[in-house]
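Breakdown of the fold
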Amino acid sequence: MAQKGVQLDRETFSCPICLDLLKDPVATPCGHSYCMKCIKGFWDGEDEKEIHSCPQCRQSFTPRPVLLKNTMLAALVEELKKTGLQAAPADLCYAGAEDVACDVCTGRKLRACKSCLMCSISYCEKHLQPHYESPAFEKHKLVEPSKKLQENICSRHDEVMKLFCRTDQQSICSLCSVDKHKGHDTVSAAAERTERQRELDWSRLNIQQRIQDREKEVKLLQQEVEAVNGSADKAVEDSEKTFTELIRLMEERSSDVKQQVRSQQKREVSRVRELQEKLEQEISELKRRDAELKLLLSHTEDHNQFLLSYPSLPALSEATHSSSINIRPLSYFEDMTASLSAVRDKLQDVLREEWTNVSSTEVDVLLSAAEPTTRAGFLGYSQEITLDPNTAYTELVLSEGSRKATLMGQQQSYSSHPDRFTGWPQVLSRESLTGRCYWEVEWRGRRVHVAVAYKNISRAGGGFEYGFGYNDKSWALICEQNSYKFIYNRIKTRVSGPLSSRVGVYLDHRAGILSFYSVSETMTLLHRVQTTFTQPLHAGVQLLCYGTTAEFCKLK
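Parameters and conventions
- Residues numbered from 1 in each chain as written.
- Predicted model: local features only at pLDDT ≥ 70, side-chain atom pairs only at ≥ 80, totals over all residues.
- Heavy atoms only, no water.
- Pairing = 2+ DSSP bridges.
- Helix = DSSP H or I, 4+ residues; strand = E, 2+ residues; numbered from the N terminus.
- UniProt positions renumbered as here; feature names shortened; annotations may be inferred.
- Patch = residues over 30% accessible without salt bridge, like charges linked within 9 Å, V, L, I, M, F, W, Y side chains within 5 Å.
- Areas by Shrake-Rupley, 256 points an atom, 1.4 Å probe, with all protein chains shown as cover.
- Salt bridge = Lys/Arg side-chain N within 4 Å of Asp/Glu carboxyl O.
- Axes fitted to C-alpha atoms, helices over the stretch in contact; angles between N-to-C directions.
- Buried < 20%, exposed > 50% of the residue type's maximum accessible area, 1.4 Å probe, protein only.
- Lys, Arg positive; Asp, Glu negative; His and termini not counted.
- Contact = heavy atoms within 4.5 Å.

This brings us to the pairing of strand β21 (residues 523-530). A regular strand places its side chains so that they alternate between the two faces of the sheet. Alignment of strand β20 (residues 513-519) against β21, held across seven bridges, turns out to be antiparallel. Along β21, the bridge assignment pairs Ile513 with Gln530. A loop of three residues connects β20 with β21, the two strands running antiparallel in sequence.

Moving on: the UniProt feature "coiled-coil region" (unreviewed entry) in the chain. UniProt feature "coiled-coil region" (unreviewed entry): in the numbering of this structure it lies at residues 204-231 and 258-296. Within residues 204-231, the helical portion is 100% and the strand portion 0%, while the C-alpha atoms at the span's ends are 40 Å from each other.

A contiguous nonpolar surface patch, about 290 Å² in accessible area, is contributed by Phe243, Leu246 and Ile247. On the secondary structure map, Phe243 appears in helix α6 (residues 189-299).

Taken together, three strands build an open sheet; the order of strands is β9-β8-β10 and the sheet is antiparallel. Each edge of the open sheet carries a strand with a single partner, namely β9 (170-172) and β10 (186-188). Each adjacent strand pair in this sheet contributes to an overall mean axis angle of 35 degrees, direction not counted. Sheet topology note: the strand β8 (residues 163-165)/β10 ladder contains three bridges and is antiparallel. From the neighbouring strand, Leu163 faces β10, where its bridge partner is Ser188.

Inspection of the secondary structure puts Asp388 in the loop between α9 (375-379) and β11 (396-399). For the buried residue Asp388, which engages in no salt bridge, the nearest side chain bearing the opposite charge is Arg430, 4.8 Å off. When sequence neighbours within four positions are dropped, the list of residues in contact with Asp388 reads Leu398, Val427, Leu428, Ser429 and Arg430.

Further remarks concern the pattern of salt bridges. By the definition in use, this model includes 26 salt bridges. The closest approach of N and O atoms between Glu245 and Arg248, which form a salt bridge, is 2.1 Å. With Glu245 and Arg248 both in helix α6, this residue pair falls three residues apart, about one helical turn. Note on Arg248: relative accessible area 35%, which makes it partly exposed.

Structure below.
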């Protein structure tokens, strides 16, 4: 009872506007009390109407009353605050803006603790007691407090909707079943709930099973990540070993060549030095004999004495065979240098040819992904394409950073190259295409072939077998002003689809899929090829009329 008295006191001394204890209490002429700030704020909003009223009894006042603080009431409020009961007890929690309020409480409403589906009313603990105590409420269904109880009431008959019409898929009351929904397939709401609950349970089981499956797949993918990382680390380690071995081998060969050159140098220099010494000795001997002969000739004037001395002169020693000396300035090791240059060129050729295979090797852990269904999906595989001028027909002009080809009526100043197409106005890309990739070609003119081809397609010839699509090494979509055709190995197939100046090409090299799309505001599949690609592919275009252009679009 004491608690109830405190509750009464709090309600008596609470402001009807802010629902809190009165602050600076004032009384209106009709006798109701408010916080001075609250009632002034309320009347400030009525100033335009020049009539001011009481928020509780709606009595009007003209002019606006002058409010004075009620000192006695203020003293009582302060005394109530000193009791320490400013906060409401836990079992007397009032409903806030976000709470469900008790529909039975009058004045300031308490927070509801249950809602009754049969009564369509929410109750606080005090007013809920009859549902627990009276047998009349035994079949009533109590649920957590809800603000949507009125949704359970039929708007036509003002009855609780206990039935469900499967024909119209909506909840109805018993009167609806014999009125608007007469003859329909109707069941109790509980039965329909049970049925749908069962469906939801099956859905949950399915979802849970899919979660388990996806978790297993995530684990498998994690294992694949670890396997890829391990394999990549081993590949890097093995490549480092391979290059180290190649470097070591080259250094050994370099050392062998140096040693061989130095050995031959030493041997030849020694032989030359030996011959040089012999020649120098012979020169000394000849100079000495020359001096003797000069002395004899200059000091013997007597002819008979000269003739007597002549036979005593010794004969000259055998001359060194200097005719065997063959001087070749700066050319002694040219043959070895030429041989090394030939070895270098062969190594460069081998590395250039084999490096394409090494660099084009693609690791694809997952199975081939499904072909994208939107342009945004295709753009995830976008590939930048540039055209190779060494393959361009001599009347093709490349521009826009070698992304655009235009067929002109005059020869261009291209140098001779074995990769150049000589009979057909076509050109291939620099890029080698493997894996999954996508590109788009914007074309203008009467006829353009948008193609892919192997690198080893024949180049030097004007027969049909050299054109894109007329052999087994190339595939092409023929784009004309009013139609499409697909051609492979001389077999043409008519293609239907919306005409567009832009064609998208999707390649999944591993899966053997090549698809051509008409690209405008939407993407439409024109033709798909399913085959097995045995080599990397190159993108290409063929232009058959002067002034025709084809440009590989920038997609990133």
